[in-house]
Amino acid sequence: MNRKSILLGKIFAIALIFVLIATAAPIVSASNGSDVSGVSSQWNVEEGGNPSEGALGEKYNFVTKWAVADIVEDVAFWGPRGIAVDGSGNVYVVDTDNNRTQKFDSNGNFITKWGSYGTGDGEFQRPRGIAVDNGGNVFVADTRNDRIQKFDSNGNFITKWGSYGTGDGEFYEPAGIAVDNSGNVFVADIDHDRIQKFDSNGNFITNWGSDDGSHYNIAVDSSGNVFVADSIYLQIQKFDSNGNFITNWGGVWYW
């Protein structure tokens, strides 16, 4: 699907939302940008009061939810793609199609937001990934601007790095991002089919990968091992912090 088709689809979706708003009671109302009424909270989600069950038999109870699709208001989203949690339990969401980042407490109460469409510092073009380090610094994969932006926990701009290209520290639509306990930043450079590693200030350290996969999401464990979701070969790959392959699982090729 090309970008023109995607844009037409979004315009249709927005028009449909306005029709629904005009003909039905609002799902969520915000009185001051921070308080939300009409948001449901319950413990059991299946009919008969039984909690939902995972594939391995675990029981999961629904706790709460917040926001509906929206392109203007606080405490609402339009195409959110990435989410991260800091050491205090605050939740950061990249609100992709609103070109902004929103911050909430662990119960979904709105705290702050930052960002708008553009190429300047603190502006975004369809950001997809977000990560938070141990110091509360927030790293956003600014996908269509082919760069990473770093902010403090209140959204104040600190630094940025990257541009379009194939060299070290350059990107073609970066998406997934993760930070290890040492502050190193790992970026899934998806259209280059590689992972790039930087220090917390954006200085290039190393990269790995090739053109035989598509690496959208990434995570790092407490030991520094890196886990990458390969959406082309439908597998998870595990590497050490320097990019040395350790193992994989899954791996069904669908072409």
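Residues numbered from 1 in each chain as written. Predicted model: local features only at pLDDT ≥ 70, side-chain atom pairs only at ≥ 80, totals over all residues. Heavy atoms only, no water.

Here we look at the pattern of salt bridges
- Scanning the model with the defined rule gives six salt bridges in all.
- Asp-97 serves as the salt-bridge partner of Arg-126, at 2.1 Å between the closest nitrogen and oxygen. In this pair, Arg-126 sits in the loop between strand S8 (110–114) and strand S9 (129–132) while Asp-97 sits in the loop between strand S6 (91–95) and strand S7 (100–104), placing the two residues 29 residues apart along the sequence. (Salt bridge = Lys/Arg side-chain N within 4 Å of Asp/Glu carboxyl O. Helix = DSSP H or I, 4+ residues; strand = E, 2+ residues; numbered from the N terminus.)

A short note on the packing of aromatic side chains
- Going through the model one piece at a time under the given rule, you end up with 14 aromatic pairs.
- With 5.5 Å between their ring centres and 50 degrees between their planes, Trp-114 and Phe-151 make a pair best called tilted. You can see Trp-114 sitting in strand S8 and its partner Phe-151 sitting in strand S11 (residues 147–151), a full 37 residues away along the chain. The exposure classification of Trp-114 matches that of Phe-151, with both residues buried.
- Seen in terms of ring centroids, Trp-208 and Phe-239 are 5.5 Å apart; in terms of plane orientation they differ by 50 degrees. Their pairing is tilted. (Phe/Tyr/Trp six-rings, centres within 6.5 Å; stacked < 30°, edge-to-face > 60°. Buried < 20%, exposed > 50% of the residue type's maximum accessible area, 1.4 Å probe, protein only.)

Considering the sheet that holds strand S10 (residues 138–142)
- Judged by pairing direction, the sheet is antiparallel, and its four strands sit side by side in the order S9-S10-S11-S12 without closing on themselves. Every interior strand has two partners, whereas the edge strands, S9 and strand S12 (157–161), have only one. Pairwise comparison of adjacent strand axes, ignoring direction, gives a mean angle of 20 degrees for this sheet.
- Pairing between S10 and S11: five bridges, direction antiparallel. The residue bridging Phe-139 from the neighbouring strand is Lys-150, located in S11. (Pairing = 2+ DSSP bridges. Axes fitted to C-alpha atoms, helices over the stretch in contact; angles between N-to-C directions.)

Considerations on the sheet that holds strand S15 (residues 194–198)
- Taking strand neighbours across the sheet as the criterion, the four strands line up as S13-S14-S15-S16 in an open arrangement whose pairing is antiparallel. The two strands at the open ends of the sheet, each matched to only one other strand, are strand S13 (174–179) and strand S16 (204–209). On average, adjacent strands in this sheet sit at an angle of 20 degrees to one another, irrespective of strand direction.

Comments concerning the nonpolar core
- Counting residues in hydrophobic clusters, the biggest one holds 12 residues: Ala-175, Ala-178, Phe-186, Ala-188, Ile-190, Ile-195, Trp-208, Ile-218, Val-220, Val-226, Val-228 and Phe-239.
- Discounting chain neighbours no more than four positions away, the residues touching Ala-175 are Arg-128, Gly-129, Ala-141, Thr-143, Ala-188, Ile-190 and Tyr-216.
- Counting residues in each nonpolar core, the second largest holds 11 residues, with Ala-131, Phe-139, Ala-141 and Phe-171 among its members. (Core = buried A, V, L, I, M, F, W, Y, C linked by side-chain atoms within 4.5 Å. Contact = heavy atoms within 4.5 Å.)

Here we look at the environment of Ile-218
- Checked against the element boundaries, Ile-218 lands in strand S17 (residues 215–220).
- A relative accessible area of 11% means that Ile-218 is categorised as buried.
- Excluding its chain neighbours within four sequence positions, the residues that come into contact with Ile-218 are Gly-176, Ile-177, Ala-178, Phe-186, Ile-195, Val-226, Phe-227 and Val-228.

Let's talk about the pairing of strand S5 (residues 80–85)
- Two elements, S5 and S6, share five bridges in a ladder whose sense is antiparallel. Among the inter-strand pairings, Pro-80 is bridged to a residue of S6, identified as Asp-95.
- Counting the residues that bridge the hairpin from S5 to S6 gives five residues, and of these Gly-89 lies at a positive phi of roughly 90 degrees.

Thoughts on the pairing of S15
- By the criterion of burial, S15 is predominantly enclosed, with five of the five residues buried.
- Judged from the five bridges that link them, strand S14 (residues 185–189) and S15 form a sheet pairing that is antiparallel. By the bridge assignment, Phe-186 is partnered in S15 with Lys-197.
- Where S14 folds back onto S15 in an antiparallel hairpin, the turn is made up of four residues, including Asp-193, whose phi is positive at roughly 50 degrees.
- Pairing of S15 with S16 involves five bridges; the strand directions are antiparallel. Among the inter-strand pairings, Lys-197 is bridged to a residue of S16, identified as Thr-206.

Concerning the environment of Trp-114
- Trp-114 sits in the buried class, given a relative accessible area of 8%.
- For the pair Trp-114 and Lys-103, spaced 11 residues apart in sequence, the C-alpha to C-alpha distance is 8.8 Å.
- Sequence-distant contacts of Trp-114, defined by excluding residues within four places in its chain, comprise Tyr-92, Arg-100, Thr-101, Phe-124, Val-138, Phe-151, Asp-152, Ser-153, Asn-154 and Gly-155.

Let's talk about unusual backbone geometry
- Notably, Asp-146 is not glycine yet its phi reads approximately 55 degrees, a positive angle.
- In this structure, Asp-146 sits in the loop between S10 and S11.
- Even without being a glycine, Glu-173 presents a positive backbone phi close to 60 degrees.
- Within the element layout of this structure, Glu-173 appears in the loop between S12 and S13.

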